[in-house]
Amino acid sequence: MPRLILTCVILGVLFCTLWTPAFFVARHFWRKGDWGALRALKVLCPLQLVLAGGLIFAADAAGFTNPAAYSIAIIVGVSLAGAAAFAAWRLLLGFIAR
C-alpha cells in the first residue's frame, strides 16, 4: 500500500511539473485581457501529455539505461518547450489582432 501511495504522489508531481508552466503563461495572458488563453489549455495539456509519453516510450525503445532520469528530463523539457511555444503563439495572435 505505501508503494501505491508513493507512486500516486510521484505521478501527481510529474503532472504538475508538466502543466504548471503553461498554466502560468495562460494565466498571465488572461490577466492582461486575453480571455481565450485559458481555453487553449484544453488542447495544449493533452498534447504535452501525448508528446511526453511518446518521447519516453521512444527513449525506452532506444535502450537508454536510466529511466527515471530521462523521464524527468523529457517531462521538464516538454513542459518548458510547451510553455514557450504557447507564449509565442498567444503573442503572435495578439499582434495579428491589432
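This text goes with the structure placed above it.
Residues numbered from 1 in each chain as written. Predicted model: local features only at pLDDT ≥ 70, side-chain atom pairs only at ≥ 80, totals over all residues. Heavy atoms only, no water.

Quick notes on the overall build of the protein chain
Then comes step 1: Regarding its fold elements, the protein chain presents three helices and zero strands.
Then comes step 2: Secondary structure elements of the protein chain, listed N to C terminal, follow the sequence α-α-α.
Then comes step 3: Relative to the compact-globule value of 13 Å for 98 residues, the protein chain shows a C-alpha radius of gyration of 16 Å, a clear excess of over 25%.
Then comes step 4: Principal axes of the C-alpha set define a box for the protein chain whose edges measure 50 × 30 × 15 Å. (Helix = DSSP H or I, 4+ residues; strand = E, 2+ residues; numbered from the N terminus. Rg over C-alpha atoms; globule rule 2.2 N^0.38 Å.)

Points about the packing of aromatic side chains
Two aromatic rings are characterised by how far apart their centres lie and by the angle between their planes.
Then comes step 1: With the rule as written, the count across this model stands at five aromatic pairs.
Then comes step 2: With a centroid separation of 5.1 Å and 15° between ring planes, the pair formed by Phe15 and Trp19 is classed as stacked. With Phe15 and Trp19 both in helix H1 (residues 2-31) and four residues apart, this pair spans about one turn of that helix.
Then comes step 3: For Phe15, a relative accessible area of 33% translates into the label partly exposed. (Phe/Tyr/Trp six-rings, centres within 6.5 Å; stacked < 30°, edge-to-face > 60°. Buried < 20%, exposed > 50% of the residue type's maximum accessible area, 1.4 Å probe, protein only.)

Examining helix H2 (residues 41-62)
Then comes step 1: The end-to-end C-alpha distance of H2, which contains 22 residues, comes to 31 Å, matching closely the 32 Å that a straight helix rising 1.5 Å per residue would cover.
Then comes step 2: Taken residue by residue, H2 has Leu41, Leu44, Cys45, Gln48, Ala52 and Ala59 as its buried positions. Summarising the axial view, the buried residues of H2 lie within an arc of 95°, below the 170-degree limit, and thus occupy one face. Turned more than 90 degrees from where H2 packs its buried face, Lys42, Val43, Leu47, Val50, Phe57 and Ala61 sit exposed.
Then comes step 3: Each element contacted by the buried residues of H2 is listed here: H1 and helix H3 (67-97).
Then comes step 4: Looking one or two places after H2, you find Gly63, whose phi comes out positive at around 95°. (Expected span 1.5 Å × (residues − 1). Arc of directions from axis to C-beta. Contact = heavy atoms within 4.5 Å.)

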